[in-house]
Amino acid sequence: MKFFFQSIIANKNTALVILITLSIILFSWIDKFRFDASSETLVLEDDQSYEMYEEINDRFSSAEFLVVALIDQDIFSTKSLLNLSKLEAKLEEVVNVSNVISILDAPLFEQPKLSLVKSATNDKYLLLDDLNLINAKQELIESPLFNELIINDLGTAVAMQINLNNAEHYEITVKNIRNILKEDQNFVSYLAGPAMIVSDTIAYIKNDVLTFGFLTFLMFFILLIVFFRDFWSAFVIMSNASLVIYITICLLGYFDWPISIVSSNFLTLLFISSVAVSVHMIVKLKEGKTRRFSYEESLAKIFIPCLYTALTTMVGFLSLLFSNIQPVIDFGKMMALGVVINLLISFIFIPALIGIRGIAELSEFSLSKIYYKYLYSNTKKIFKNFGVPLIFLFLPISIYLSSGLKVENKFIDYFDESTEIHQGMKFIDSELGGTTPIDIVLTLPEEEIFIDEDDLFYSEGSETTEYWWRQKNMRLLKSIQSDLNQIPELGKDLSIVNGVLLAEKLNDFNEMGDLELAFVKNSLLTNDKAKDVLNSYISSDDRSARINFRIIDSYKDINRNDLLTRVDDYLVSKLKDTNVEYQLSGLGVLYNNLLQSLFGSQITSLTFVFGAIFLMLLILFRSLLTSLIVIFVPLVAVGFVFSFMSLFSIPLDIMTITIASISVGMSVDYAIHIAWRFREEQKISRRNAEINTINSSGQAVLITAMTVIVGFLVFIFSNFNPTVLFGLLSALAIFVSAALALRFIPIFLESK
């Protein structure tokens, strides 16, 4: 390796030209780098539930939709209705909007109320007909079809359902809709719906990456200048990290690996990893300069521990491949790729830069000396006698606490209470029937239809009732919907039953027979938008009926898995003596499947990563005892972070699952550097090995840890709560990892 670094330094200009040329070539792929928070990023690999979800959407012509809640105490006045009509027309012109359904499109049948048969030609509409607006308002509030769909119970808020055309992304659509709502001065408005959650999540991720990425970069730069007291050293570290990030982003564009919610902090992690490697290199080069070592000799000495820390970090993130969650798998691949790029670029770019301008001798602010004098030496005996036993005692306690980790989270909790998206979701949850949809599809067995043409009442084109439009089957459907509607976590329910209940209300609440059901199916709703609403809940052959519920995401102590289990158990019991098949699907089901797989995949991946890292440590140190001492550091670090999450009821979700990988990666990094340097120093002087290790590798660990912790704490100012938690937990993980590596390893290796 010494010859390799000698060649890089001697041919510094050539090395830099090659790196610049590579950067120019890769630039063509940077525009393919993208963010993605679609439903595909919330599914398991080969998830049959997702295939079912797509199949159901196709079968029932279900489309993505948004909900706009409009608040106006005087909504049922001619002036407000005209304003609503103008707003609806503007929204229908937005790109990717199929149509908009509001109270203006709701047929009113009781102005005045006639018989059921006459109701088909008695439908009237707001603004189109001369109506008593107070009576119209009451009719919509009491409507089994439209209540909580387009109007709340008090009539003080109405909703518009914005149905969307199929599109890959809806960011522009959501942005345009939001702009129209902001320009409107007539209503207080809230926007919600799955498409908006996706769009806003991407917006928050992009904003956090840009805003906090810049702040983190700036803080890192300032802190490194303070610690090293050398602008050039800080510039080398930050320019190297920037080049690593740039090349990785270009390659992500080439491989078409988008940033999802899970991997939203990928760039931050890679940046930190690059800074850590660079700091160790610069500290070693400065130390070598002081001891009169050549640059290539110092680089050769630091390369081996950096190589093994890179390999162990790669193993840590590649362990995520054992997850069956696609975005988590992608995150593992991204980080593994980034670690490889970081190692290669750092040991080419930094030697080339120092070939142009050398590194000054040790002049940095000596954190290690302050640490050793005031925190280490004075408490060494206390830590050895009391701290170490407590750490060993803590391990079984941490296992117990970790087993109590929750895997439940709410979409609404992702956003700060002050944000528009949180307020909108909460309002729609409480006033307009919930947010996250789940679908129950009930399918009757296929049957052969016999038509008796000798029947005196038979005529060509006459309507017959089939499948769910028969009275006995409709009774079952009504019973299921009514029973499930009693579950408090479920909000608005919608199916063909709602249309039938509307007809029964018009029929003085008399039950529909087969003949009346045929009338409801074919004649009652003549308005295209109203018909489309109900047609999306029955298959074209009438065999399959879909009941849609919206989960009240803000419901206190909601447990999705328990909720879906109760629904499933009910359906099994209800349908056990029938030949009706059922399917449970929807975005709520997909998200729950993902959450439930997190804990198992986390245990599997951690088991693999600790086993693989231990084998690599055996190869590196060729000592069973040293390997056990080093592996103990990440074990305690992960246990501490998981215990902290359990004690403070922080759920394990698609964001916090990455904390374990960070804990393992950083703690192994610190532990290897300290253990490697300690063993090297022991060969020179066993007596001074401890203080020399802390003043050399310990200095690099302290600079890296303090810089990174401050950088992570910047994330607490985000409005995106997963980013806040990520910053806090990552800072905690790095603090524990650095403290353990600096304290634990010297004590045990010294007594070895």
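Presented here is a report on the structure given in the accompanying data block. Sequence positions are assigned chain by chain, starting from 1 and proceeding in written order. Local features in this predicted model are restricted to residues of pLDDT 70 or higher, and side-chain atom pairs are both shown and tallied only at a pLDDT of 80 or more, whereas totals for entire chains, interfaces and linings draw on every residue. Working from all heavy atoms in the structure, the side-chain values ignore hydrogens and water.

### Quick notes on the overall build of the protein
- Only runs of H or I of at least four residues qualify as helices and only runs of E of at least two qualify as strands under DSSP, and these elements are numbered from the N terminus. Helix and strand counts for the protein come out as 25 helices and 8 strands.
- The C-alpha extent of the protein, read off along each of the three principal axes, is 110 × 50 × 45 Å.
- Residue burial is assigned from relative accessible area. The probe radius is 1.4 Å, only protein chains are included, and a residue is buried under 20% of its type maximum, exposed over 50%, and partly exposed in between. For the protein, buried positions account for 60% of its 752 residues.
- Once local pairs closer than 6 in sequence are excluded, the contacts in the protein between residues at least 24 apart make up 80%.
- Where accessible areas are quoted, they stem from the Shrake-Rupley method and a 1.4 Å probe; at the residue level, only the protein chains shown are allowed to cover. With the model as given, the accessible surface of the protein reaches about 31300 Å², and the carbon-plus-sulfur share is 58%.
- For the purpose of charge, His is not counted, nor are the chain termini; Lys and Arg are scored as positive and Asp and Glu as negative. Note on charges: their place is set at NZ of Lys, CZ of Arg, CG of Asp or CD of Glu. Positive and negative side-chain charges of the protein, numbering 58 and 82 respectively, have mean locations separated by a distance of 18 Å. In what follows, residue pairs with any heavy atoms lying within 4.5 Å of each other are defined as contacts.

### Points about the sheet that holds strand β3 (residues 157-164)
- Any two strands between which DSSP finds at least two bridges are classified as paired. Reading across the sheet, the 4 strands line up as β2-β3-β1-β4 and stay open at both edges, with antiparallel pairing between neighbours. Each edge of the open sheet carries a strand with a single partner, namely β2 (97-101) and β4 (188-192). This sheet shows a mean twist of 20° between the axes of neighbouring strands, independent of strand direction.
- Taken together, the 7 bridges between strand β1 (residues 65-71) and β3 define a ladder with antiparallel strand orientation. Each bridged residue has a counterpart across the sheet, and for V67 the counterpart in β3 is Q161.
- Only the contacting stretch of a helix is used when fitting its axis, a line to C-alpha atoms as for every element, and angles between N-to-C directions run 0 to 180 degrees. Packed onto the sheet, helix α15 (residues 420-431) meets β1, β3 and β4 and runs at close to 90° relative to β4.

### A closer look at a nonpolar patch on the surface
- Each patch is built from residues that are more than 30% exposed by relative accessible area and take part in no salt bridge. Like charges join if they lie within 9 Å; nonpolar side chains (Val, Leu, Ile, Met, Phe, Trp, Tyr) join within 5 Å. The rule for a salt bridge is simple: a side-chain nitrogen of Lys or Arg has to be within 4 Å of a carboxyl oxygen of Asp or Glu. A cluster of nonpolar side chains, F214, L215, L218, I222 and V226, forms an exposed patch at the surface whose accessible area comes to about 440 Å².
- Relative to the assigned elements, I222 resides in helix α8 (residues 194-228).
- Among the residues examined, I222 registers a relative accessible area of 48% and is labelled partly exposed.

### Some points on unusual backbone geometry
- Between Q111 and P112 the backbone carries a cis peptide bond, its omega angle lying at 0°.
- Tracing the sequence through the fold places P112 in the loop between β2 and α5 (116-119).
- Of note, the phi angle at E148 is positive, near 70°, even though the residue is not glycine.
- In this fold, E148 is placed in the loop between α6 (133-142) and β3.
- Not every positive phi belongs to a glycine, and S649 is a case in point at roughly 55°.
- Within the secondary structure layout, S649 lies in the loop between α22 (624-647) and α23 (658-684).

### Overview of the packing of aromatic side chains
- The rule is short: rings of Phe, Tyr and Trp, with Trp giving its six-membered ring, pair when the centres are within 6.5 Å, and they are stacked under 30 degrees, edge-to-face over 60, tilted in between. Counting across every chain of the model gives 28 aromatic pairs.
- Of the aromatic side chains, those joined through ring pairs into one cluster are F217, F220, F221, F231, W232, F235 and F271.
- Positioned over the ring face of F293 is K301, at 5.7 Å from the centre of the ring.
- Whether a charge lies above a ring is judged from NZ of Lys or CZ of Arg, which has to be within 6 Å of the ring centre and within 35 degrees of the ring normal. Over the ring of F383 we find R743, and its NZ or CZ is 5.4 Å from the ring centre.

### A word on the environment of I659
- For I659, the location among the structural elements is in helix α23.
- Here the alpha-carbon distance between I659 and L732, two residues 73 residues apart in the chain, equals 9.9 Å.
- Look past the residues within four positions of I659 in its chain and what remains in contact with it is V641, F726, L729 and S730.

### Things to note about the pattern of salt bridges
- Tallied over the full model, the rule gives 19 salt bridges.
- The salt bridge partner of R677 is E287, with a shortest N-O separation of 2.2 Å. Taken together, the positions of R677 in helix α23 and E287 in helix α10 (residues 266-290) put the pair 390 residues apart, joining distant regions of the chain. Take R677 and E287: they sit in the same class, and that class is buried.

### Details of helix α3 (residues 48-59)
- For α3, built from 12 residues, the straight-helix expectation of 16 Å at 1.5 Å per residue is met to within 8% by its first-to-last C-alpha distance of 16 Å.
- Among the residues of α3, those classed as buried are S49, Y50, Y53, I56 and N57. Down the axis of α3, the sector holding all buried residues measures 125°, keeping them to one side. Seen from the open side of α3, the exposed residues pointing more than 90 degrees away from its buried face are Q48, E51 and D58. Helix span, as expected, comes to 1.5 Å for every residue beyond the first. Of all possible arcs, the one meant is that of the directions from the helix axis to the C-beta atoms.

### Digging into the pairing of β3
- The buried fraction of β3 amounts to 8 of the 8 residues, a majority that puts the element mostly inside the structure.
- Burial of β3 is two-sided: the residues A157, A159, Q161 and N163 facing one way and the residues V158, M160, I162 and L164 facing the other way are all buried.
- The sheet contact formed by β2 and β3 spans 4 bridges and is antiparallel. Bridging from a neighbouring strand, I101 pairs with Q161 of β3.

### Notes on helix α4 (residues 78-92)
- In this model, α4 (15 residues) spans 21 Å end to end at C-alpha, consistent with the 21 Å of a helix rising 1.5 Å per residue.
- The complete set of buried residues in α4 reads S80, L81, N83, L84, L87, E88 and L91. Buried residues in α4, looked at end-on, bunch into an arc of 155°, giving them a common side. Looking at α4, the residues exposed on the side facing more than 90 degrees away from the buried face are K79 and K86.

### What about the sheet that holds strand β6 (residues 490-494)?
- The strand order across the open sheet formed by 4 strands is β6-β7-β5-β8, and the pairing between neighbours is antiparallel. Strands with a single pairing partner mark the edges of an open sheet, and in this sheet they are β6 and β8 (581-585). Between one strand and the next, the sheet's axes are offset by a mean angle of 20°, whatever the strand orientation.
- In terms of strand pairing, strand β5 (residues 436-443) meets strand β7 (residues 544-551) through 8 bridges, oriented antiparallel. Bridge pairing in β7 places D439 opposite N548.
- The sheet strands contacting α3 are β5, β7 and β8, and the helix crosses β8 at an angle near 105°.

### Examining the environment of L628
- On the secondary structure map, L628 appears in helix α22.
- Exposure remark for L628: the relative accessible area of 41% places this residue in the partly exposed category.
- Distance from L628 to R292, taken between C-alpha atoms, is 35 Å for residues 336 residues apart in sequence.

### Re the packing of α10 against α23
- Where α10 meets α23, the closest approach of the two axes is 11 Å, and the angle between their N-to-C directions is 10°. On the basis of the axis angle, α10 is roughly parallel to α23. Contacts from L269, I272, H280, K284 and E287 of α10 reach α23 at I662, M666, D669, H673 and R677.
- Partitioned by chemical class, the residues of the contact of α10 with α23 number 4 nonpolar, 2 polar and 4 charged. Roughly parallel means an angle under 35 degrees; roughly antiparallel, over 145; roughly perpendicular, 65 to 115; everything else is oblique. Amino acids are sorted into nonpolar (Ala, Val, Leu, Ile, Met, Phe, Trp, Tyr, Cys and Pro), charged (Asp, Glu, Lys and Arg) and polar (every other residue, Gly among them).

### Quick word on the packing of helix α13 (residues 367-376) against helix α25 (residues 721-750)
- At their nearest, the axes of α13 and α25 sit 13 Å apart, and the two run at 75° to each other. Overall, the two elements α13 and α25 adopt an arrangement that is roughly perpendicular. Of the residues in α25, those touching α13 at Y371, L375 and Y376 are L742, R743, P746 and I747.
- Among the residues making up the contact of α13 with α25, the classes are represented as 6 nonpolar, no polar and 1 charged.

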